[in-house]
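Listed here are the chains, written in short residue letters.
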Amino acid sequence: MNMDPLSHYLRPPLRHAGWLWLLVAVLLIGAAWLAQDTYQVAARTEQLAARSERLQAQQRRAAKPVDDKASQRTQKQWAALQAERDYPWPEIFLAIERAGKADVELLEFQPDKTSRQLILRGEARDRRALEAYLDALAGQAVLNRVHLSHQQTVLRERLETVEFEIKAVVVGPSSNR
């Protein structure tokens with residue numbers, strides 16, 4: 001300890017010491033606030049980055065391209081189901097039933113729903129019975145362009161019959177859907 005009474009005069013007095021301490025305190029408070037704000041911004045940025053990555057991963061999972069062949073297969077199945085639903089089954093069965101003759105036996109009924117064609121195969125007692133059956137089918141409103149595509153005389157156990165194949169185009173109220 002220096003007890004020299006003159007040492008106090010050798011050093012100039014600090015006039016702004018209070019202001020200097022106040023400035024240091026303000027700078028420390030400002031630095032603390034800036035550090036806290038930076039920490040909060042960094043934490044929020046980290047949260048947003050994590051959320052962004054999760055959303056991008058979900059989008060990648062959701063945006064997986066559907067297998068083109070599987071999609072085409074599904075489209076074909078839906079088209080077949082639509083054709084099946086729109087096909088005028090009751091009208092066709094009613095028309096074939098109305099045209100039925102005792103001398104004609106229908107053995108095969110083959111509808112093509114996409115092209116709306118109908119193939120009927122069977123046997124008739126003779127040509128006149130076949131012609132009458134063909135005329136009766138042609139008179140049905142649900143069938144159009146009815147024609148005989150094949151006929152053949154067959155002998156089975158001394159019984160002669162005519163095998164036939166008839167083709168027709170299916171029309172009707174269900175074809176306009």
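Anything mentioned here points back to the structure above.
Residues numbered from 1 in each chain as written. Predicted model: local features only at pLDDT ≥ 70, side-chain atom pairs only at ≥ 80, totals over all residues. Heavy atoms only, no water.

Asks: Would you explain empty space enclosed by the protein in this entry?
Replies: Rolled over the atoms, a probe sized like a water molecule indicates the empty space that remains. What the rule picks out here adds up to 1 cavity of 30 Å³ or more. Quantified by volume, the largest cavity comes out at close to 30 Å³. Lining of the largest cavity is provided by L118, L120, L137, L143, I166, K167 and A168. Broken down by secondary-structure element, the contributors of at least two residues to the lining of the largest cavity are β2 (117–124) and β4 (159–170). Counting residues per element, the lining of the largest cavity draws most heavily on β4, at 3 residues. (1 Å grid on protein atoms, 1.4 Å probe; cavity = no way out; pocket = protein on both sides within 12 Å on 5 of 7 lines; lining within 4 Å. Points joined across faces, edges and corners; volume = space filled by probe spheres on them. Helix = DSSP H or I, 4+ residues; strand = E, 2+ residues; numbered from the N terminus.)

Asks: What is the right way to read the environment of E131 from this model?
Replies: Counting through the fold element by element, E131 comes out in helix α5 (residues 127–138). We classify E131 as partly exposed; its relative accessible area is 49%. A C-alpha to C-alpha distance of 9.2 Å links E131 and L148, two positions 17 residues apart in sequence. (Buried < 20%, exposed > 50% of the residue type's maximum accessible area, 1.4 Å probe, protein only.)

Asks: Sorry if this is basic, but what is going on with a nonpolar patch on the surface here?
Replies: Nonpolar side chains collect at one region of the surface, where L20, W21, L23, V24, L27 and L28 lie side by side and expose about 680 Å² of accessible area between them. Along the polypeptide, L28 turns up in helix α2 (residues 17–62). (Patch = residues over 30% accessible without salt bridge, like charges linked within 9 Å, V, L, I, M, F, W, Y side chains within 5 Å. Areas by Shrake-Rupley, 256 points an atom, 1.4 Å probe, with all protein chains shown as cover. Salt bridge = Lys/Arg side-chain N within 4 Å of Asp/Glu carboxyl O.)

Asks: Is there a simple way to think about the sheet that holds β4 in this case?
Replies: Strand pairing in a sheet takes place through backbone hydrogen bonds and is either antiparallel or parallel in direction. Spatially, 4 strands are ordered β1-β2-β4-β3 in an open sheet, and the strand pairing comes out antiparallel. Strands at the two margins of the open sheet, each flanked by one partner only, are β1 (104–112) and β3 (143–156). Adjacent strand axes in the sheet meet at a mean angle of 15° when their direction is disregarded. Bridge count for β2 against β4 is 8 bridges, and the pairing is antiparallel. Counterpart to L120 in the pairing with β4 is I166. Against the sheet, α5 makes contact with β1, β2, β3 and β4, and its axis sits at roughly 160° relative to β3, the strand it touches most. (Pairing = 2+ DSSP bridges. Axes fitted to C-alpha atoms, helices over the stretch in contact; angles between N-to-C directions. Contact = heavy atoms within 4.5 Å.)

Asks: Even after reading the chapter, I still don't get unusual backbone geometry, so can you show me in this structure?
Replies: For R116, which is not glycine, the phi dihedral falls at a positive 60°. Residue placement: R116 occurs in the loop between β1 and β2. In this structure, R158 is a non-glycine residue whose phi angle is positive, near 65°. With respect to the element layout, R158 can be found in the loop between β3 and β4.

Asks: What is the right way to look at the pairing of β2 in this model?
Replies: Look at any regular strand and the pattern is simple: side chains alternate between the two faces of the sheet. Within β2, 6 of the 8 residues are buried, leaving the element largely enclosed by the surrounding structure. As judged from the 8 bridges shared by β1 and β2, these two strands associate in the antiparallel manner. Considered in β2, the bridge of E105 is made with E123. In this antiparallel pair of consecutive strands, β1 and β2, the connection spans 4 residues, and R116 shows a positive phi of 60°.

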